[in-house]
Structures are given as C-alpha cells and as structure tokens.
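# Structure at a glance
Each chain is listed here by its residues.
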Amino acid sequence: MRRTRCSVAFAVVALAACATNPATGKRQFSLVSEGDEVAIGQEEAQKVTASMTVLQHQPAQDMVKRVGMDMAKVSERPDLPWNFTVLDDPVVNAFALPGGPIFITRGILTYMNSEAELASVLGHEIGHVTARHSASQMTKQQMAQVGVGVASVVSQTAAQYAGIAQQGLGILMLKYGRDDEKQADGLGFRYMMKVGWDPREAVKMFQMLQKTSGGDKEGRPPEWMSTHPDPGDRAQRAEARRKELDAKGVNLDSLKRNREQFLRAIDGLSFGEDPRDGFFRGSTFYHPGLALQITFPEGWQTANQPQVLAAREPNGKALVQVQVAKGANPDEALRAFFSNQGFSNVREVQVPTSTGASRSAVFDAQTQQGVVQGETTVLTLKGRMYQVLTVAAQGNPQAVDGIHRQVIGSVKEVTDPAILNIKAPQVKVVQLPRAMSAEEFYSQFPSVVPLDEVLVINGLDRGTQLKQGDLVKQIVGGTAR
Ligand SMILES: [Zn+2]
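The paragraphs below set out a description of the structure included in this document.

Conventions we followed
- Residues numbered from 1 in each chain as written.
- Predicted model: local features only at pLDDT ≥ 70, side-chain atom pairs only at ≥ 80, totals over all residues.
- Heavy atoms only, no water.
- Pairing = 2+ DSSP bridges.
- Helix = DSSP H or I, 4+ residues; strand = E, 2+ residues; numbered from the N terminus.
- Axes fitted to C-alpha atoms, helices over the stretch in contact; angles between N-to-C directions.
- Contact = heavy atoms within 4.5 Å.
- Parallel < 35°, antiparallel > 145°, perpendicular 65-115°, else oblique.
- Left-handed = near helix turned anticlockwise from the far one by under 90°.
- Phe/Tyr/Trp six-rings, centres within 6.5 Å; stacked < 30°, edge-to-face > 60°.
- Buried < 20%, exposed > 50% of the residue type's maximum accessible area, 1.4 Å probe, protein only.
- Salt bridge = Lys/Arg side-chain N within 4 Å of Asp/Glu carboxyl O.
- Polar contact = N/O pair within 3.5 Å; in protein donor to acceptor, adjacent residues only side chain to side chain.

This part covers the sheet that holds strand 4 (residues 94–96). Pairing in this open sheet of three strands is mixed, and the strands run 3-5-4 from one edge to the other. Because the sheet does not close on itself, it has two edges, and the strands there are strand 3 (83–87) and strand 4. If you compare each strand with its neighbour and ignore which way they point, the axes differ by 15° on average. Relative to strand 5 (residues 101–105), strand 3 is paired through five bridges, and the arrangement is parallel. Across the sheet, residue Val86 finds its bridge partner in strand 5, namely Ile104. The sheet strands contacting helix 3 (residues 58–73) are strand 3 and strand 5, and the helix crosses strand 3 at an angle near 145°.

As structure tokens, this is what we get:
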C-alpha cells in the first residue's frame, strides 16, 4: 500500500509502532497512535466547521447522522468519536478526517435519491477511517496543511502569504491512493450489508457521479470525483459485488433503500451555489448579505470562500485577498496585523476610498522565497471593517501599488434591490398526480435548470416512465444572476 513511505518514515522515526489495522486485520506500520489520530481529527474538524458553513436544515442533518452512525456502530471501530455533518457547500463532495469526523456536502445530497445511496458514500468514508488511511498516510506536519484555507491568514505570519500565493487557493482534500480507495469501497460495502442497505444503490451513485459534468458553474469536476478516481471502474466493481450476492441467493429486493425518507429530508435544500454567499458577475464580486461590491483585475482567478475572498493573477504574480477585519477601528486592525512577525519597512500611505474610515500601509514581508512586497488597506463599509491585502510575487513589486489602488477604488455599497434580494434555487420534491414520462414531468413541472440536469439529479434517463405517486425532484425559484 504505502510501504515505501512507511519504511522510509520508519528509518527516521525509530519508535514507530507496528500495529494491527483494525479494519483489515493486517499488520502495518503506524506512526500515529489512536489517541493522536483522534486528536488530529478533532482539531481538523474544528478548522472545517470554522472555515465552512454547517447546513441549517435539521431533517438532512438528522438523516445523515442516523445513516452514518448505524454503519459506524457495526464497523470494526464502533467506539471512535464518530460524527457526521452536512456542510452548506454546493460542491459534490464527502470526506473523512482521522478518528471519526465525516463531512458531506449539501451539493452531493441534492444529487442523491435514497438513503441507501447516501449509505454507500458514508460507508466508503467510514472505511477510510476504520482502515486508518489518513493516519497511516500522514504525519502531523502534513495534517497541519489540511484545512488551512486562506481563512486563518490574519493571525498567520507574513511568511505564509507567499506560500498561499503559490499554492493557489486552499484545498481541503486529501488524496488517497488507488488501493486505499478500493479498500474503502470494499469496507463501505461490508457496512452497507451489515445494516441491510441495498447495494444496488451504490452502483447508481457511481453512475450519477460519472454523469455529473460539474459540481459548479465553472464546470470543474465534482470534488469527490477528482479525489476518487475512475467512477466507472468503481461502478463495475460494485456491480460485480451485486452479482455475487445474486449468485448466493440474497434477496436484494428485501433490502432497504428508503427513497421516500431521503427525498423528504432534502426537500427545500438550496441547489447549486447560493448567491447569498456572494457571487461574481465578470470580475466584480457582489455579497448581498454584506451589501459589498468589489472589482478585481480582468482575467484574474477568483475564489469565494466562507472567510476570505481571493483573486490571483493567472501566473501567480500577485494575489489580492479580502476578509473581515478584527478590532475597534481601522488603526487598531492594522496594528494587530503588523504585530505578526516577518514584516519590515512598514510605511503608512494614503489610498483613496469611496467608503468610510480607512487606513493603508505598504510593507515588505520575509518569506521562504525571499522578500516580497505588499500593500494593505482596512476600510469600513456599513459598519463593518474589511482588510484588503495585495501581495506581489518576487520580482514584480510594481504590481502592488497600481492594483491595490484600483481594487480599493472599486469597493462600493450595493444598493440594487435585485442583487440585495437575490435567492438560490431550491429542490422541491413533487409527488406525481399521474403516470408520465421524464420529459412530461419536465414540461409539466418546469425547473430552472436544463432537462438533462433534472434527469441526472433524479437518476433518470430520457424516456423513463414514472408512476403515479412517484417522488421526483424539481428545481424551482432562485433569481437569475
Ligand atoms: Zn475515498
């Protein structure tokens, strides 16, 4: 599995233990004790919930906890502090942290159609935990990078800015190797069977992931797919396991799917990106809740994360980031910022703004790659303070002054009611009054997304005949951006 890595690490850390893997029963080197594993996972889970929003929808949270806990309890490690949380994130994703915390997104739930499908994803993630994949893969140092979004940046030293600029924008996910993925699939299947979930739903889940072209509007692949290779391959393996059960005479029809319960629990969830969390039109960012508007240079890469908004010159020559500033006034916020280590040549400058009180300064920052130059402004808008920080890569100091001033000059209060009142589309579960085809459903119960997307989220094909009383998802409402 990870033998090379383990033995290299073993040579360095002489006290590494050789322990039995609880899920696989095999002996393996482990650099992390169970206590450490749990502690690391809890610490990382706090970072996740601090930097991402937990979904406010009790029926969905309750369902995910119930389906997850049922399987965790029949796993090889029932006594870990298991915890299952739905994040309010449109990306199609699920991930596990060492020792028990498991996260799944609103995005992936809106694409599922039964509790058994949900069980297939949660079972897989539980498998990563019980087989100690992350614990065996990671040192604490690697873990420290997980979940370090650009979010915590105010409290970090200047040295870290350059690192962020180079990595691009923070990525939360761990990648496991192919063998680990296969093993997690196998373990997930085991837990599904123990609880009595219909394994055929796992096949549907993989097929859905294959069809989903994008987890978001930018057409990026769903996160879960990019960290979980070959859904087609996995669908085939799941299918092979199903055939084995058939051959053994297991009556699959007697197993649980809980389609109706699932759909009732996700009825009313937002679908796709929620514009209330902020959205871009061209290079201008709007945040309806904060009434904040800001424009970045044309053609820059942008990312809107819960605690930070960032834009990056495509070749990494400069980075601008915006976040809520802490302190009683701009002066105090700026002083707190520069109290971090690594800054030199800090000079206050005047940067014109069209908003309330502001303070600005230019600075040099010591990084691993050498000294970089930056400029920052703390400004006030509608009683909130924001810090805008511009950092230039080495050899490109001229990027700072012009760009920073341009971005600061673009900050405005949003007054357009169409933007202030914008809403996300929602999943609406419809009970069919009569039998109809999938296409008829689409014309009789129109959605704000194309037919093909409605088919994918319902696991339907063109021409599928639906029965009277069937529950089908429709995507309604929302405001065009
Ligand atoms: Zn996985």
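On to the packing of helix 5 (residues 115–130) against helix 9 (residues 178–195), then. For the pair helix 5 and helix 9, the least separation of the axes is 7 Å and the interaxial angle reads 125°. By the criterion of interaxial angle, the relationship of helix 5 to helix 9 is oblique. For helix 5 against helix 9, the interelement crossing comes out right-handed. Contacts between helix 5 and helix 9 involve Ala116, Ala119, Ser120, Gly123, His124, Ile126, Gly127, His128 and Thr130 from the former and Asp180, Glu181, Ala184, Asp185, Leu187, Gly188, Tyr191 and Met192 from the latter.

A few words on the packing of aromatic side chains. Inspection of the entire model under this criterion finds 13 aromatic pairs. Between the aromatic rings of Phe95 and Phe103, the centroid separation amounts to 5.3 Å while the plane-to-plane angle is 25°, which identifies the pairing as stacked. Phe103 carries the same exposure label as Phe95, and that label is buried. Ring centres of Phe338 and Phe363 lie 5.5 Å apart, and the angle between their planes is 65°; on these two criteria the pair is classed as edge-to-face.

Scanning the entire structure with this criterion turns up 19 salt bridges. Here Glu440 ties to Arg434 by a salt bridge, and the two come within 3.7 Å at their closest N and O atoms. A single network of salt bridges, built from pairs that share partners, joins Glu34, Glu37, Arg77 and Arg132.

Moving on to the side chain of Ser410. Residue placement: Ser410 occurs in the loop between helix 15 (398–409) and strand 16 (412–413). Residue Ser410 is classed as buried on the basis of its relative accessible area, which comes to 11%. In this structure the side chain of Ser410 is engaged in a polar contact, spanning 2.8 Å, whose partner is the backbone nitrogen of Thr295. In contact with Ser410, other than residues within four places in its own chain, are Gln293, Ile294 and Thr295.

Our next topic: helix 18 (residues 451–458). With six of its eight residues buried, helix 18 lies for the most part within the structure. Following helix 18 by one or two positions, Gly459 adopts a phi angle in the positive range, close to 65°.

So, about the sheet that holds strand 7 (residues 284–287). With antiparallel pairing, the four strands of this open sheet are ordered in space as 6-7-8-16. Of all the strands in the sheet, just strand 6 (279–281) and strand 16 have a single pairing partner and so form its edges. Of the strand pairs in this sheet, strand 7 and strand 8 (residues 292–295) are connected by four bridges, and their pairing is antiparallel. Within strand 8, the position partnered with Phe285 by the bridge is Ile294.

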